[in-house]
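If you want the building blocks of each chain, they are given just below.
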There are 2 protein chains.
Amino acid sequence: MSKKMDSWKTLSRQKIVDFGKWLTVENHTVELHDGRVIENWPWIITPDYINVLVETDEKKFLCFRQTKYAIDGTSLAPVGGYLEPGEDALTTAQRELLEETGCVAREWITLGSYIVDANRGAATGHLFLARGAHRVQERHADDLEEQELLLLSRAELQAALAAGEFKVLAWTTVVALGLMYLKD
Amino acid sequence: MSKKMDSWKTLSRQKIVDFGKWLTVENHTVELHDGRVIENWPWIITPDYINVLVETDEKKFLCFRQTKYAIDGTSLAPVGGYLEPGEDALTTAQRELLEETGCVAREWITLGSYIVDANRGAATGHLFLARGAHRVQERHADDLEEQELLLLSRAELQAALAAGEFKVLAWTTVVALGLMYLKD
């Protein structure tokens, strides 16, 4: 029943902004499936990242309350961070869990990888659920933001999600997918 | 128990890329909560958008199978589109539902608004669940992509979500939040 659908072709690409690892913008010329050509299609490249919903051995969820430049006020946040060059997403997730909370986890569940902008690319977000987290060392949070570590019950997490307290798209996604996984 | 957290201040901003409504990039100088100053902080502005999980009167879910420039192959997709200047998000959602599927809905549930990039901004995604959708006119899909309209049962939708068949972050988010709402 599905007909064949052809993806668009990139005819040319030119870099027009270069902030190093943080942001590259390219100008693409694109050929559509029907032969039409679109000029000046902006293409964004930002670093791929991970987010982790972390459940401890005591069945509590590790979250932060923190500021971010793009957020008004504070937001609840899961563990998260950017992939280093050459690093695979699970390794990043395990590294960030250890750095941000001092914990390791007994079980890692993949919740999928998703492109951020369907038209302009941006980044891929890799989402995980970590279970059986327990502290093995002190935290070494070196992020620029102020951060407060919280332990939420499942009911508190669910209420915070429904109230929109995770204000960033990927943060809400990882919490929703993690809670759905745990309910099944 | 929560301490006061101060947001960062924008000391200056300079536009460095202008693709009109599709993309603006600015270069910000930012002052952190502790007085440190960061130069060359890239800031992205892309258009705000809506996504809608649509349940019909027959309790089926309206989805598309389609291509997108940033996606390999095809993806399942919900109803979606960009806000026109001055348009509020619910109006956009209702307009896109009508244009893309020829339907109106009896009930609209807000699933929250989320910033796409916590550090660089990008866009705000406004997510909705529409219930009691029923066709009132023909479709007028004028998107550039090829698109096939599908009707999925709740079990099929849940399986597709778990299998990662919604390949774009906001698409997975609206489906997950919508399904969670319907289960409660």
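Residues numbered from 1 in each chain as written. Chains lettered and ligands numbered in written order. Predicted model: local features only at pLDDT ≥ 70, side-chain atom pairs only at ≥ 80, totals over all residues.

## What to know about the overall build of chain A
Right, on to step 1. In terms of regular secondary structure, chain A is built from 3 helices and 11 strands.
Right, on to step 2. When the elements of chain A are put in sequence order from the N terminus, they spell out β-β-β-β-β-β-β-α-β-β-β-β-α-α.
Right, on to step 3. In terms of overall dimensions, chain A has C-alpha extents of about 60 × 45 × 30 Å along its principal axes.
Right, on to step 4. Residue burial in chain A is summarised as follows: out of 184 residues, 40% are buried.
Right, on to step 5. Once local pairs closer than 6 in sequence are excluded, the contacts in chain A between residues at least 24 apart make up 61%. (Helix = DSSP H or I, 4+ residues; strand = E, 2+ residues; numbered from the N terminus. Buried ≥ 20, exposed ≤ 12 C-beta atoms within 10 Å, placed from the backbone. Contact = placed C-beta atoms within 7 Å.)

## Observations concerning the interface of chain A and chain B
Right, on to step 1. In this assembly, 49 residues from chain A lie in contact with 50 residues from chain B.
Right, on to step 2. For the side of chain A that touches chain B, the secondary-structure elements that each account for two or more residues are β1 (9-18), β2 (24-31), β3 (37-45), β9 (107-117), β10 (121-135) and α3 (169-183) of chain A.
Right, on to step 3. If you tally residues by element for the side of chain A that touches chain B, the top one is α3 of chain A, at 7 residues.
Right, on to step 4. Looking at side-chain class alone, the side of chain A that touches chain B contains 27 nonpolar, 14 polar and 8 charged residues. (Nonpolar A, V, L, I, M, F, W, Y, C, P; charged D, E, K, R; others polar.)

## Focus: the packing of helix α2 (residues 154-162) of chain B against helix α3 (residues 169-183) of chain B
Residues and elements named next belong to chain B.
Right, on to step 1. It is the contact of α2 with α3, at a shortest axis distance of 11 Å, that shows an interaxial angle of 135°. One way to sum up the angle between α2 and α3 is to call them oblique. The two elements α2 and α3 meet at a crossing, and its hand is left-handed. Touching L157, Q158 and L161 of α2 are T172, V175, A176 and L179, all from α3. (Axes fitted to C-alpha atoms, helices over the stretch in contact; angles between N-to-C directions. Parallel < 35°, antiparallel > 145°, perpendicular 65-115°, else oblique. Left-handed = near helix turned anticlockwise from the far one by under 90°.)

## Section: the relation of the copies chain A and chain B
Right, on to step 1. For the match of chain A to chain B, the screw axis carries a shift of 0.0 Å, the RMSD comes to 0.0 Å, and the turn is 180°. What the superposition gives is, in effect, a two-fold axis relating one chain to the other. Closest to the rotation axis within chain A is the C-alpha of T173 of chain A, separated from it by 2.5 Å.
Right, on to step 2. A symmetric contact is evident, with 100% of the interface residues of chain A recurring at the interface of chain B. (Least-squares fit on C-alpha atoms with pLDDT ≥ 70 in both.)

## What to know about the pairing of β1 of chain A
Residue and element names in this part refer to chain A.
Right, on to step 1. With respect to burial, β1 is a largely exposed element, only 0 of its 10 residues being buried.
Right, on to step 2. Of the strand pairs in this sheet, β1 and β2 are connected by 8 bridges, and their pairing is antiparallel. Counted as the bridge partner of S12 is T29 from β2.
Right, on to step 3. In this structure, the hairpin formed by β1 and β2 is closed by a connection of 5 residues, where G20 is found at a positive phi of approximately 65°. (Pairing = 2+ DSSP bridges.)

## Some points on the confidence of the model for chain A
Right, on to step 1. Residues with a pLDDT of 70 or more make up 95% of chain A, whose mean pLDDT is 94.
Right, on to step 2. Taken together, the chains of this predicted complex give a pTM of 0.95 and an interface ipTM of 0.95. (pLDDT = per-residue confidence, 0-100.)

## A word on the domain arrangement of chain A
Residue and element names in this part refer to chain A.
Right, on to step 1. Splitting chain A by domain gives domain 1 (9-45) and domain 2 (49-183).
Right, on to step 2. If you average the C-alpha positions of domain 1 and of domain 2, the two centres end up 31 Å apart.
Right, on to step 3. If you look at the interface, domain 1 gives 4 residues, while domain 2 gives 4 residues.
Right, on to step 4. The residue makeup of the side of domain 1 that touches domain 2, split by class, is 4 nonpolar, no polar and no charged. (Domains from an automatic or database assignment.)

## Regarding α3 of chain A
Right, on to step 1. For α3 of chain A, built from 15 residues, the straight-helix expectation of 21 Å at 1.5 Å per residue is met to within 8% by its first-to-last C-alpha distance of 21 Å.
Right, on to step 2. The complete set of buried residues in α3 of chain A reads L169, A170, W171, T172, T173, V174, V175, A176, L177 and G178 of chain A. (Expected span 1.5 Å × (residues − 1).)

## Observations regarding the pairing of β9 of chain A
Residues and elements named next belong to chain A.
Right, on to step 1. In this structure, β9 lies alongside β10, joined through 9 bridges in antiparallel fashion. Pairing of G112 across the sheet is with L127, part of β10.
Right, on to step 2. Between the antiparallel neighbours β9 and β10 lie 3 residues.

## Remarks on the environment of Q147 of chain B
All names here are of chain B.
Right, on to step 1. Mapping Q147 onto the fold places it in strand β11 (residues 147-152).
Right, on to step 2. For Q147, a count of 17 C-beta atoms within 10 Å puts it in the partly exposed group.
Right, on to step 3. Taking the C-alpha atoms as reference, Q147 lies 9.8 Å from C63; in sequence the two are 84 residues apart.

## A short note on unusual backbone geometry
Right, on to step 1. One non-glycine residue, K59 of chain A, adopts positive backbone phi at about 65°.
Right, on to step 2. Note on placement: K59 of chain A falls in the loop between β4 (49-56) and β5 (61-66).

## A look at the environment of F166 of chain A
Residue and element names in this part refer to chain A.
Right, on to step 1. Take F166: it is sitting in the loop between α2 (154-162) and α3.
Right, on to step 2. For F166, a count of 24 C-beta atoms within 10 Å corresponds to the buried category.
Right, on to step 3. In the structure, F166 is positioned 29 residues away from Q137 in sequence and 27 Å away in space, judged by C-alpha atoms.

## Some points on the environment of Q94 of chain B
All names here are of chain B.
Right, on to step 1. Locating Q94 in the fold gives a position in helix α1 (residues 89-101).
Right, on to step 2. Judged by the 18 C-beta atoms lying within 10 Å of it, Q94 is partly exposed.
Right, on to step 3. Expressed as a C-alpha distance, the spacing of Q94 and I50, which sit 44 residues apart in the sequence, is 9.8 Å.

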